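Structural characterization, general
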Amino acid sequence: MPVKAKPIPEAVPGVRHPMEKYLRTDRLPHIWCAGCGLGSALSCFLYALDELGWDPNSVAVVSGIGCTGRIAGYVRLDSYHTTHGRAIPFATGLKLAKPDLHVVVFSGDGDLFAIGGNHFIHAARRNVDLTILCVNNFNYGMTGGQVGPTTPLEGLTTTTPYGNFEHPFNLVHLAASAGASYVARWTTLDGRRLQRAMVEAMRKKGLTFVEILSPCPTNYGRRNKLGDGLDELRYYAKHALIRHGADPKEAEIVPGHDFLVGKFVDVEKPTYLEMYEAKVRELGGKR
Amino acid sequence: MPGKAILSGVHFMNGDEAIAEGAIAAGCRFFAAYPITPQSEIAERLAWRLPRVGGMFIQMEDELGAMAAVVGAAWGGAKAMTATSGPGFSLMMENIGLAVMTETPCVVVDVQRGAPSTGLPTAVGQGDMMQARWGSHGHYEIIALCPASPQEAFDLTVRAFALSERFRVPVLIMTDEVVGHMYERVEIPAEVPEAPRRRPQVPPDRFLPFEPDPDLVPPMACAGEGYRIHVTGLTHDERGYPDMSAEAHDRLVRRLCDKILRFRDEFTVYEAVDLDDAEIAVVSYGISARVAHGALALAREQGIKAGMLRLITAWPFPDPVVRSLADRVRGVVVVELNLGQMSREVERVVRGKVPVIGVYHAGGRIHTPEEVLSGIEEVQRCR
Ligand SMILES: Cc1ncc(C[n+]2csc(CCOP(=O)(O)OP(=O)(O)O)c2C)c(N)n1
Ligand code: SF4
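Everything numeric in this text was worked out from a predicted model, so none of it was measured.

**Description of the overall build of chain B**
- Check the secondary structure of chain B and you find 12 helices and 16 strands.
- Its C-alpha atoms give chain B a radius of gyration of 21 Å, near enough to 21 Å, the size a compact globule of 383 residues would have.
- Its C-alpha atoms put chain B at 70 × 55 × 40 Å along the principal axes.
- By the burial criterion, 57% of the 383 residues in chain B qualify as buried.
- Contacts in chain B between residues far apart in sequence, at least 24 positions, make up 76% of those at least 6 positions apart.

**Comments concerning the site of ligand 2**
All names here are of chain A.
- Taken together, Trp 32, Cys 33, Cys 36, Leu 38, Cys 67, Asn 137, Gly 141, Met 142, Cys 216, Pro 217, Thr 218 and Asn 219 make up all the residues around ligand 2.
- For the shell around ligand 2, the element with the most residues is helix 7 (residues 217-223), which contributes three residues.
- For the shell around ligand 2, the per-class residue count stands at eight nonpolar, four polar and no charged.

**What about the domain arrangement of chain B?**
Residue and element names in this part refer to chain B.
- Splitting chain B by domain gives domain 1 (9-188) and domain 2 (270-381).
- On a C-alpha basis, the centres of domain 1 and domain 2 stand 26 Å from each other.
- Contact with domain 1, which involves 24 residues of that partner, is made by 22 residues of domain 2.
- Those elements giving two or more residues to the side of domain 1 that touches domain 2 turn out to be strand 6 (120-124), helix 5 (129-134), strand 7 (143-145), strand 8 (170-176) and helix 7 (177-181).
- By residue number, the principal contributor to the side of domain 1 that touches domain 2 is helix 5, which donates four residues.
- Per-class residue counts for the side of domain 1 that touches domain 2 are 16 nonpolar, five polar and three charged.

Rules used in this analysis
- Residues numbered from 1 in each chain as written.
- Chains lettered and ligands numbered in written order.
- Predicted model: local features only at pLDDT ≥ 70, side-chain atom pairs only at ≥ 80, totals over all residues.
- Helix = DSSP H or I, 4+ residues; strand = E, 2+ residues; numbered from the N terminus.
- Rg over C-alpha atoms; globule rule 2.2 N^0.38 Å.
- Buried ≥ 20, exposed ≤ 12 C-beta atoms within 10 Å, placed from the backbone.
- Contact = placed C-beta atoms within 7 Å.
- Near = placed C-beta within 6 Å.
- Nonpolar A, V, L, I, M, F, W, Y, C, P; charged D, E, K, R; others polar.
- Domains from an automatic or database assignment.

What follows is the structure, given as structure tokens:
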């Protein structure tokens, strides 16, 4: 059956997005809400890709399921929209089967740290050569705003109608403790800094992790009276403190209080594949 | 020393090891799994062998991850396999569905043990047969093969890789603890042809990743080959783009089923034992079929003309084969290590034409030939 390509919508007539070459423009407009941070996160990623100057045929994006997971569907790259929580093991298989591929996992905080949390800590422990970009919007966006592993205490969600009473994860601390080679956190307001972090993370070998704090005005923002997407960015502007090299333990996020952003970890250690190949060399073989 | 990929010659090995060697001989160079009895010998053998033949072995953190890694590795261009037993098989179900929906060639081995739950970790069972068929959500077709000996475990593993590439579908090896742990003569041939992956025949700008060839199977572009395709478990169109319409969904699900069902003659294998003059037919598979084999001789000593249809392809169920059997015999006995799973299929196909009797045991031990014989006698008495 022939499929009809939709015409590319022009937000501003006659003006094209400079990073259009990396987008599946025939899939636009995207599904995300007005004021959502996902567009900014994606655009930072595309600029980072452009800055790296890599052959786009050498980059693959793997996503799980969620609003963030839809990113895989919009990038004009080899892109895999997998199952909820399994983007990291899928990406692990992909990377190990094709080591010259740059593999980026782009997914939500629920996908990567609730249902997929076990895979994250083990990929970090093994130092698999993956870049993991996690959009943290403090709740499950796609399914209508339920509590997630990063929802702050007292946060209102559809499944914590009386306020969240579960202790949230500090993802920076978690990633650092599990053994990630690179850990950074930025907000979607920090466009250029976020882009820089993505470039560093993708360029670096081993498991690299960037947490992206992002507004979800439709669900978390609305229920917690954070205003629209722009108001949430104003909140970030007011409360985000740049502290490179800070102790990851201090990167907790408590509503109403300042929180840390920056680069927390940047260390060198052999990757899973390097360790494997070293073993194979000991056996006198090649891989 | 780098190892030889194909260990041509005669060996004494168990079914698990034979599966591992079959995989390597077929060109499998990626294996991800999580340890579980009675599968461990497969993983242990591959941990030892794969690094020596240019392959990749990874012990994942669980079976969810193992199955996901196998699907990812297949998109990375590898022939990929995982192996497990019941509890792990349950955990693999969602990503087996992903492989079905994304048409990912891969092989999954289930060395069945006593179940449900942790059941009998070290003892035999055949209770996962329906899970193999319907375990992942939704309606789909999958190919499942049942070896009854280490030699067949080797041969069917090679076959499984070929079928997975031919149909772009996960192929299941549904073996059991006894075949897995049984040591027998295994002959590995001098050469094993590597099944090709169906490659795109047009340049990237004209390639539609889910547009099927006339036989309903689309060519596969793997990562990093310049096709830059999108692959999703969502219902999708020929471009691979999500399409949430009922029409697109029905079209896709039907094609995923038809691409296999239409060509079932290509992969339906079975063994007919003494069926030419048989009045009573035993239908069985895997280790149970070997026990039943012994019962056939006992029945013939008593003057009952018994034969056996040993299913090697369990799924899709060989309806035409069983239907024509029902036209020729007076009764059917189904022997299996569960309380009646494949026998439901037999009954469905036989449609009451002749009596069907089950010789069931929930697992933990294999049947005795006498138990099978009494089933044969019982159906012989039916009028
Ligand atoms: C196994 C499974 N369980 C549940 C779901 C339903 N589900 C889809 S997306 C999602 C949550 C996504 O949240 P998050 O990862 O934080 O991403 P966001 O939508 O916020 O970007 C859930 C629970 C699913 N698709 N699969
Ligand atoms: S629900 Fe939230 S995360 Fe999802 S698109 Fe809307 S604003 Fe973004």
